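# Structural overview for review
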Amino acid sequence: MTAGTSRFRRTALLGAVVATALGGGAVLAACGSGGQDGAGSGPARLSVADSYIPLPPAGGMAAGYLTVRNDGGRDQLVGVTSPGAESVTMHRSTPSSMEQVASLDVPAHGALQFARGGTHLMIMGWQKAPVLGDELELDLTFAKSGTISVKVPVKELTYRPGQS
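Residues numbered from 1 in each chain as written. Predicted model: local features only at pLDDT ≥ 70, side-chain atom pairs only at ≥ 80, totals over all residues. Heavy atoms only, no water.

What follows is about the overall build of the chain. Assigned secondary structure in the chain consists of one helix and ten strands. Its helices and strands in sequence order give the chain the pattern α-β-β-β-β-β-β-β-β-β-β, from N to C terminus. Counting only residues that meet the buried cut, the chain has 33% of its 164 residues in that class. Sequence-distant contacts, at least 24 apart, represent 68% of the contacts inside the chain between residues at least 6 apart. When the accessible area of the chain is evaluated, it comes to approximately 9,700 Å², of which 56% is carbon and sulfur surface. (Helix = DSSP H or I, 4+ residues; strand = E, 2+ residues; numbered from the N terminus. Buried < 20%, exposed > 50% of the residue type's maximum accessible area, 1.4 Å probe, protein only. Contact = heavy atoms within 4.5 Å. Areas by Shrake-Rupley, 256 points an atom, 1.4 Å probe, with all protein chains shown as cover.)

Put into C-alpha coordinates, the structure is as follows:
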(Lines give C-alpha, C1' and ligand atoms only; values in the text may rest on other atoms or scores of the structure.)
Protein backbone atom coordinates (compact mmCIF):
# COMPACT_ATOMS: atom_id res chain seq x y z
CA MET A 1 0.00 0.00 0.00
CA THR A 2 1.42 3.38 -0.96
CA ALA A 3 1.27 6.54 1.11
CA GLY A 4 -1.17 8.07 -1.40
CA THR A 5 -3.57 5.13 -1.17
CA SER A 6 -3.47 5.22 2.64
CA ARG A 7 -4.15 8.98 2.64
CA PHE A 8 -7.06 8.49 0.18
CA ARG A 9 -8.64 5.80 2.41
CA ARG A 10 -8.36 7.99 5.52
CA THR A 11 -9.88 10.95 3.64
CA ALA A 12 -12.70 8.76 2.28
CA LEU A 13 -13.36 7.31 5.75
CA LEU A 14 -13.37 10.79 7.32
CA GLY A 15 -15.77 12.00 4.60
CA ALA A 16 -18.11 9.06 5.26
CA VAL A 17 -18.10 9.77 9.01
CA VAL A 18 -18.87 13.47 8.44
CA ALA A 19 -21.65 12.65 5.95
CA THR A 20 -23.19 10.17 8.39
CA ALA A 21 -23.08 12.69 11.24
CA LEU A 22 -24.60 15.45 9.13
CA GLY A 23 -27.27 13.12 7.75
CA GLY A 24 -28.21 11.96 11.25
CA GLY A 25 -28.53 15.57 12.37
CA ALA A 26 -30.92 16.28 9.50
CA VAL A 27 -33.05 13.28 10.49
CA LEU A 28 -33.14 14.45 14.10
CA ALA A 29 -34.08 18.00 13.04
CA ALA A 30 -36.92 16.63 10.89
CA CYS A 31 -38.26 14.58 13.82
CA GLY A 32 -38.40 17.65 16.03
CA SER A 33 -40.03 20.05 13.61
CA GLY A 34 -43.65 19.54 14.75
CA GLY A 35 -44.08 22.85 16.57
CA GLN A 36 -42.84 23.94 19.98
CA ASP A 37 -43.63 20.66 21.70
CA GLY A 38 -43.82 18.41 18.64
CA ALA A 39 -47.44 17.49 19.48
CA GLY A 40 -49.28 20.03 17.36
CA SER A 41 -48.27 18.90 13.89
CA GLY A 42 -50.73 17.71 11.29
CA PRO A 43 -54.45 18.32 11.01
CA ALA A 44 -56.81 17.63 13.88
CA ARG A 45 -59.03 14.54 13.52
CA LEU A 46 -62.04 15.32 15.67
CA SER A 47 -65.03 13.29 16.83
CA VAL A 48 -67.71 13.89 19.46
CA ALA A 49 -68.86 11.33 22.04
CA ASP A 50 -70.93 11.08 25.23
CA SER A 51 -73.05 14.14 24.43
CA TYR A 52 -76.14 14.92 26.52
CA ILE A 53 -78.23 17.71 28.00
CA PRO A 54 -79.90 17.14 31.38
CA LEU A 55 -83.59 18.08 31.14
CA PRO A 56 -83.85 21.73 32.23
CA PRO A 57 -86.64 22.94 34.52
CA ALA A 58 -89.62 24.27 32.53
CA GLY A 59 -87.61 24.96 29.36
CA GLY A 60 -85.17 27.25 31.11
CA MET A 61 -81.41 27.45 30.90
CA ALA A 62 -79.68 24.09 30.44
CA ALA A 63 -76.16 22.72 30.63
CA GLY A 64 -74.62 20.63 27.88
CA TYR A 65 -71.91 18.02 28.17
CA LEU A 66 -69.82 16.14 25.61
CA THR A 67 -66.32 14.98 24.79
CA VAL A 68 -64.38 16.17 21.74
CA ARG A 69 -61.79 13.51 20.91
CA ASN A 70 -58.78 14.36 18.78
CA ASP A 71 -56.64 11.76 17.02
CA GLY A 72 -54.53 14.39 15.22
CA GLY A 73 -52.87 17.78 15.72
CA ARG A 74 -54.08 20.39 18.15
CA ASP A 75 -57.07 22.66 17.47
CA GLN A 76 -59.23 25.09 19.38
CA LEU A 77 -63.00 25.23 19.92
CA VAL A 78 -63.87 28.87 19.21
CA GLY A 79 -67.67 28.84 19.32
CA VAL A 80 -70.88 26.85 19.72
CA THR A 81 -74.27 27.73 18.22
CA SER A 82 -77.61 26.01 17.79
CA PRO A 83 -80.57 26.61 15.47
CA GLY A 84 -82.79 25.49 18.37
CA ALA A 85 -81.54 28.02 20.96
CA GLU A 86 -80.85 31.74 21.12
CA SER A 87 -77.37 31.28 22.59
CA VAL A 88 -74.86 28.65 23.59
CA THR A 89 -71.85 29.74 25.62
CA MET A 90 -68.82 27.90 26.97
CA HIS A 91 -68.05 28.07 30.68
CA ARG A 92 -65.35 26.84 33.03
CA SER A 93 -66.25 26.07 36.65
CA THR A 94 -63.90 26.20 39.59
CA PRO A 95 -64.72 25.42 43.22
CA SER A 96 -65.55 29.10 43.81
CA SER A 97 -66.74 30.51 40.47
CA MET A 98 -67.98 30.00 36.93
CA GLU A 99 -66.57 32.03 34.06
CA GLN A 100 -67.50 32.29 30.40
CA VAL A 101 -64.62 31.52 28.03
CA ALA A 102 -64.18 32.53 24.38
CA SER A 103 -62.27 29.42 23.31
CA LEU A 104 -60.97 26.10 24.60
CA ASP A 105 -57.95 24.09 23.49
CA VAL A 106 -58.38 20.65 21.97
CA PRO A 107 -55.02 18.98 22.63
CA ALA A 108 -53.27 16.89 20.00
CA HIS A 109 -54.00 13.19 20.50
CA GLY A 110 -56.18 14.06 23.49
CA ALA A 111 -59.65 15.23 24.40
CA LEU A 112 -61.61 18.29 25.48
CA GLN A 113 -64.17 17.16 28.01
CA PHE A 114 -67.30 19.05 29.02
CA ALA A 115 -68.43 17.49 32.32
CA ARG A 116 -70.44 18.30 35.43
CA GLY A 117 -68.46 20.46 37.82
CA GLY A 118 -65.98 21.51 35.12
CA THR A 119 -66.08 22.88 31.60
CA HIS A 120 -69.65 22.92 30.25
CA LEU A 121 -72.00 24.56 27.76
CA MET A 122 -74.84 26.88 28.82
CA ILE A 123 -77.85 26.72 26.48
CA MET A 124 -80.37 29.58 26.70
CA GLY A 125 -83.48 30.69 24.83
CA TRP A 126 -84.79 27.34 23.58
CA GLN A 127 -87.03 27.62 20.48
CA LYS A 128 -89.38 25.07 22.09
CA ALA A 129 -89.40 23.62 25.58
CA PRO A 130 -87.33 20.41 25.57
CA VAL A 131 -88.68 17.06 26.70
CA LEU A 132 -86.90 13.78 27.39
CA GLY A 133 -85.69 12.20 24.17
CA ASP A 134 -85.54 15.45 22.16
CA GLU A 135 -82.30 16.20 20.33
CA LEU A 136 -80.77 19.65 20.07
CA GLU A 137 -78.39 20.36 17.20
CA LEU A 138 -75.14 21.93 18.32
CA ASP A 139 -72.70 23.39 15.79
CA LEU A 140 -69.16 23.28 17.19
CA THR A 141 -66.78 25.65 15.39
CA PHE A 142 -63.04 24.98 15.51
CA ALA A 143 -60.20 27.33 14.56
CA LYS A 144 -58.63 24.89 12.07
CA SER A 145 -61.21 22.16 11.44
CA GLY A 146 -64.30 24.23 10.64
CA THR A 147 -67.74 23.32 12.02
CA ILE A 148 -68.98 19.94 13.24
CA SER A 149 -72.75 19.50 13.81
CA VAL A 150 -73.93 17.03 16.42
CA LYS A 151 -77.35 16.01 17.70
CA VAL A 152 -77.34 16.06 21.49
CA PRO A 153 -80.06 14.10 23.31
CA VAL A 154 -82.04 15.51 26.24
CA LYS A 155 -81.68 13.04 29.12
CA GLU A 156 -83.09 12.82 32.64
CA LEU A 157 -81.54 15.20 35.17
CA THR A 158 -79.61 12.39 36.91
CA TYR A 159 -78.13 10.88 33.71
CA ARG A 160 -74.38 10.12 33.70
CA PRO A 161 -72.71 8.60 30.59
CA GLY A 162 -71.32 5.13 31.18
CA GLN A 163 -73.62 4.47 34.15
CA SER A 164 -76.82 2.50 33.95
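Take unusual backbone geometry next. Despite not being glycine, D50 shows a phi value in the positive range, around 55°. Relative to the helices and strands, D50 resides in strand β1 (residues 46-54). Here D50 falls in the partly exposed class, since its relative accessible area comes to 42%. Its identity is not glycine, yet H109 carries a phi of approximately 50°, on the positive side. On the accessibility criterion, H109 (58% relative accessible area) is exposed.

On to the packing of aromatic side chains. The final tally for this structure, using the stated rule, is two aromatic pairs. Geometrically, the ring pair formed by Y52 and Y65 is tilted, given 5.2 Å between the ring centres and 40° between the ring planes. Taken together, the positions of Y52 in strand β1 and Y65 in strand β2 (residues 62-70) put the pair 13 residues apart, joining distant regions of the chain. With a centroid separation of 4.9 Å and an interplanar angle of 75°, the aromatic rings of Y52 and Y159 are classed as edge-to-face. Of the two residues, Y52 sits in strand β1 while Y159 sits in the segment after β10 (146-155), which places them 107 residues apart along the sequence. Y52 gets classed as buried once you look at its relative accessible area, which sits at 4%. A network of ring pairs unites the aromatic residues Y52, Y65 and Y159 as a single cluster. The ring of Y159 is capped by K155, whose NZ or CZ atom sits 4.9 Å from the centre of that ring. (Phe/Tyr/Trp six-rings, centres within 6.5 Å; stacked < 30°, edge-to-face > 60°. Lys NZ or Arg CZ within 6 Å of the ring centre and 35° of its normal.)

Bringing the environment of L140 into the picture now. Mapped onto the elements, L140 comes out in strand β9 (residues 135-142). It is 7.9 Å that separates the C-alpha atoms of L140 and V150, two residues lying ten residues apart in sequence. In this view, L140 contacts V48, L66, V68, L77, G79, V80, G146, T147, I148 and V150; residues no more than four positions away in its chain are not counted.

Our focus in this paragraph is the side chain of T89. Here T89 lies in strand β4 (residues 85-93). A distance of 3.4 Å separates the side chain of T89 from the side chain of H91, its partner in a polar contact. T89 has contacts with Q100, H120, L121, M122 and M124, leaving out every residue within four places of it along the chain. (Polar contact = N/O pair within 3.5 Å; in protein donor to acceptor, adjacent residues only side chain to side chain.)

Read these as geometric descriptors, not functional statements.
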